[in-house]
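Topology and contacts: notes
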Amino acid sequence: AVYMVASVPDGLGGFAQVSIDHNKFSLGSFGFGFSEATFWVVLIYSFVINLQNFGVDQNYVQRYIASKSDREARKSVWLGGLLYIPVSALFFFIGTALFAYYYNFPESLPDSYLDPGSADKVFPYFIVTELPSGITGLLIAAVFAAAMSTVSTSLNSSATIMLNDYYQRFFNRNANERESMKVLHYATVCWGALGTIIAIAMIRVQSALDAWWILAGIFSGGMLGLFLLGVISRAARNAHAIIAAVAGVSLILWFSLPKLIASHESSIHSYLIPVIGTFAILFVGISASLLFGKKGKVELH
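So, here is what we can say about the structure in this document.

1. Concerning the overall build of the protein
Looking only at helices and strands, the protein has 11 helices and zero strands in total. Counting only residues that meet the buried cut, the protein has 28% of its 301 residues in that class. Contacts in the protein between residues at least 24 apart in sequence constitute 71% of all its contacts with a sequence separation of at least 6. By element, 68% of the accessible surface of the protein is carried by carbon and sulfur atoms, the whole surface being about 19,500 Å².

2. Notes on unusual backbone geometry
Unlike most non-glycine residues, D10 shows phi in positive territory, near 70°. Looking at the element boundaries, D10 is found in the loop between α1 (2-7) and α2 (11-21). What makes D10 exposed here is its relative accessible area of 71%. Positive phi is not limited to glycine here, since N23 has a value of about 60°. Here N23 shows up in the loop between α2 and α3 (39-56). For N23, a relative accessible area of 55% corresponds to the exposed category.

3. A few points about the pattern of salt bridges
Under the definition given, this model contains one salt bridge. The partner of K75 in a salt bridge is E72, with the nearest N and O atoms 3.6 Å apart. Of this pair, K75 and E72 both sit in helix α5 (residues 70-104), three residues apart, which is roughly one turn of that helix.

4. Quick notes on the packing of aromatic side chains
If you walk through the whole model with that rule in mind, you get 15 aromatic pairs. Judged by centre distance (5.9 Å) and plane angle (5°), the rings of F32 and W40 are stacked. Cation over ring: K24 sits above F99, and NZ or CZ is 4.3 Å from the ring centre.

5. Considering the environment of G195
Turning to its location among the elements, G195 is positioned in helix α8 (residues 177-201). For G195, a relative accessible area of 37% corresponds to the partly exposed category. In this structure the C-alpha to C-alpha distance between G195 and L155, which are 40 residues apart in sequence, comes to 9.2 Å.

6. A word on the packing of α3 against helix α4 (residues 58-66)
A pair of packed helices is characterised by two quantities: the angle between their axes and the separation of those axes. Look at α3 against α4: their axes get within 6 Å of each other, and the N-to-C directions meet at 40°. It follows from the interaxial angle that α3 and α4 lie oblique. For the pair α3 and α4, contact is made by N53, F54, G55 and V56 and by Q58, Y60, V61 and Y64, respectively.

7. Remarks on the packing of α4 against helix α7 (residues 133-171)
Contact pair α4 / α7: the axes reach a minimum separation of 9 Å and the direction vectors enclose 85°. Relative to α7, α4 is oriented roughly perpendicular. Facing α4, whose interface residues are Q58, N59, Q62 and R63, α7 presents T153, S154, S157 and I161. When its residues are assigned to classes, the contact of α4 with α7 shows one nonpolar, six polar and one charged.

8. Some words on helix α11 (residues 273-292)
Taking 1.5 Å per residue as the helical rise, α11 with its 20 residues ought to reach 28 Å, and the 28 Å between its terminal C-alpha atoms agrees with that figure. By the burial criterion, the buried members of α11 are I273, P274, V275, G277, T278, A280, I281, L282, G285, A288 and S289.

9. Remarks on the side chain of S180
Note that S180 resides in helix α8. The exposure class of S180 is buried, given its relative accessible area of 9%.

10. Concerning a nonpolar patch on the surface
Among the surface-exposed residues, M162, Y166, F170, F171, W191, L194 and I198 lie close enough to one another that they form a single nonpolar patch of about 730 Å² accessible area. When contributions to the nonpolar patch are tallied by element, the ones reaching two or more residues are α7 and α8. Checked against the element boundaries, W191 lands in helix α8. In this structure W191 comes out as partly exposed when scored by relative accessible area, which is 32%.

About the thresholds
- Residues numbered from 1 in each chain as written.
- Predicted model: local features only at pLDDT ≥ 70, side-chain atom pairs only at ≥ 80, totals over all residues.
- Heavy atoms only, no water.
- Helix = DSSP H or I, 4+ residues; strand = E, 2+ residues; numbered from the N terminus.
- Buried < 20%, exposed > 50% of the residue type's maximum accessible area, 1.4 Å probe, protein only.
- Contact = heavy atoms within 4.5 Å.
- Areas by Shrake-Rupley, 256 points an atom, 1.4 Å probe, with all protein chains shown as cover.
- Salt bridge = Lys/Arg side-chain N within 4 Å of Asp/Glu carboxyl O.
- Phe/Tyr/Trp six-rings, centres within 6.5 Å; stacked < 30°, edge-to-face > 60°.
- Lys NZ or Arg CZ within 6 Å of the ring centre and 35° of its normal.
- Axes fitted to C-alpha atoms, helices over the stretch in contact; angles between N-to-C directions.
- Parallel < 35°, antiparallel > 145°, perpendicular 65-115°, else oblique.
- Nonpolar A, V, L, I, M, F, W, Y, C, P; charged D, E, K, R; others polar.
- Expected span 1.5 Å × (residues − 1).
- Patch = residues over 30% accessible without salt bridge, like charges linked within 9 Å, V, L, I, M, F, W, Y side chains within 5 Å.

Okay, structure coming up:
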């Protein structure tokens, strides 16, 4: 960020002027339409997806479990939540600085990178062609380190789910340590291969970040609804949770499949699909428990 801003003519002032002229500091439209990524749509989506991340995502939950105490776990939640804003702002700042840099030096960017579908390629191109060699090496090493940490966490949590929720539950409840480690190793390899295939399939998407936000919301939209149902309703039982999950996931698929298959335009933006699914599960589950249930608590595994 510092290198890009310093390289722009007039430094910080020139960067700010270009950014203001091209509306790069805008928070988006404040209109109340639901078909575009307005400020309100992103705000609602962010609230729900972060509630899901901090509440039910294995990547986060395993960190809570590794904490020394409940107090330390709560501190980690607050620290993670509060850091989200400045860290995200820094990422957006880097993106804006990248725009300002190539706005002032358009000859440095090949025409093939001007296509909207090539947006994700611009920053790697800048790293390779513009940064001094020492900084380039350090940054690439940092990217790989961050990727290894994230992938390791995801693979570990996914393999643990396969062992605890499937293998030990349906195949061998009394698996010893050696057998359990074998299952974890095989599951890690399988999830890694699947992740690699998905990454290759996403090479041609216009924005990897947007695609990830949409897919993460779609595939995990039901988990938060079930979690909230278990927390809020004391009358909900397994049957009510199953009915609610089927209703919510069906609604998610109803809105998602046309967009994924044919890039179908609709009156609902993709960011709102997990929001709708989550509240559908909550509403249907509570309604079913009030109409047909007895006092109890939903059992979530």
